[in-house]
Amino acid sequence: MEQTIFEPVYKEIFSFWEEISDADRDFICQNSFSTSYEKGTHIHDGNECSGVIFVCSGSLRLYMMSDEGKDITLYRLHKGDMCMLSASCVLQTITFDVFIDAEEDSDCFVISGPAFAAVSERNPVIKIFSLEAAVSRFSDVMWVMQQILFMSMDKRLAIFLSDESARLGSDTITLTHEQIARYMGSAREVVSRMLKYFANEGIVKVSRGGIEILDKKRLRALTL
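Predicted model only: the values in this text are computed from it and were never measured. (Residues numbered from 1 in each chain as written. Predicted model: local features only at pLDDT ≥ 70, side-chain atom pairs only at ≥ 80, totals over all residues. Heavy atoms only, no water.)

**Overview of helix α5 (residues 153–168)**
Look at α5: 22 Å from first C-alpha to last across 16 residues, which is about the 22 Å you get at 1.5 Å a residue. Here α5 has its buried residues at M153, R156, L157, A158, I159, F160, L161, E164 and S165. Backbone geometry just downstream of α5 places G169 in the positive-phi region, at approximately 65°. (Helix = DSSP H or I, 4+ residues; strand = E, 2+ residues; numbered from the N terminus. Expected span 1.5 Å × (residues − 1). Buried < 20%, exposed > 50% of the residue type's maximum accessible area, 1.4 Å probe, protein only.)

Below is the structure:
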């Protein structure tokens, strides 16, 4: 695939792009590839170096897994998002394992981890960019932990539904109770009980097709 396919995208997402040499820009493009992941595909297992992933379309889920097999969603990546935590050879100080699945059929650009690491060794500006990208995602991770540790379930669910509605631009959220529980790091039974409470209060309507938000004002009040 011609590198001209990658360069317009990288020019937009990499703040360092104009600061590195033509040879290094060519090297990054030459070590990039376009790929498609079917829904449910395991993209990244643990602490391997899968590379830097840029989402062109679809959605990916990053999560951690306990020894007992229980997982907790750290964050999700959508169109236009980039993942650095999948490139452990670039960020060698990241020693914990993260896993990545395709939530939807997804098209992505992937830069070889070893290639990106080699270029970053020659260009401190790339290493700084990589660390800043990782730190920004740690803010998302800390927000997840804060919710799990310190927030009531009704507030957490209200925040999730509000955020998902805003992201989709729709009052209807077509997720199962099991999916919501997985994203929130909770149990399906707990989510189902809280959705039933929201429904009885007239805040949402729950059906086989998903969840429809009926009263945005009351839902937002629960997030405060």
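Let us keep going from here.
**Brief notes about the state of the cysteines**
Taken as a whole and assessed by the stated rule, the structure comprises zero disulfides. As a non-bridged cysteine, C56 has C108 as the owner of its nearest cysteine sulfur, 6.4 Å distant. (Disulfide = S-S within 2.5 Å.)

**Concerning the sheet that holds strand β7 (residues 99–102)**
Strand order in the open sheet formed by four strands is β2-β7-β4-β5, with antiparallel pairing between adjacent strands. Each edge of the open sheet is held by one strand with a lone partner, namely β2 (42–44) and β5 (71–78). When strand polarity is set aside, the average angle formed by the axes of neighbouring strands in this sheet is 30°. Where strand β4 (residues 59–65) lies against β5, seven bridges are found, and the strand directions are antiparallel. Residue pairing for β5: Y63 is matched across the bridge by T73. (Pairing = 2+ DSSP bridges. Axes fitted to C-alpha atoms, helices over the stretch in contact; angles between N-to-C directions.)

**Regarding the confidence of the model for the protein**
Residues of the protein with pLDDT of at least 70 account for 96%, and the chain-wide mean is 90. The secondary-structure element of the protein with the lowest mean pLDDT is helix α4 (residues 124–150), recorded at 88, while strand β8 (residues 106–111) shows the highest, at 97. (pLDDT = per-residue confidence, 0-100.)

**Digging into the pairing of β4**
Of all the seven residues making up β4, five are buried; the element is thus mostly covered by neighbouring parts of the structure. Linking β4 to β5, which pair antiparallel, is a turn of five residues; within it G69 sits at a positive phi near 90°.

**Some points on the nonpolar core**
Buried together is how nonpolar side chains tend to be arranged in soluble globular proteins. In this structure, Y10, F14, F16, L60 and F116 are the most contacted members of the largest nonpolar core, which totals 41 residues. Among the elements that take part in this core, α4 stands out by supplying five residues, more than any other. If we ignore the near neighbours within four places in the chain, the residues touching F16 are I28, F116, V125, I126 and F129. The next biggest cluster of nonpolar side chains, apart from the first, holds 20 residues, and it includes I180, V191, I203 and L219. (Core = buried A, V, L, I, M, F, W, Y, C linked by side-chain atoms within 4.5 Å. Contact = heavy atoms within 4.5 Å.)

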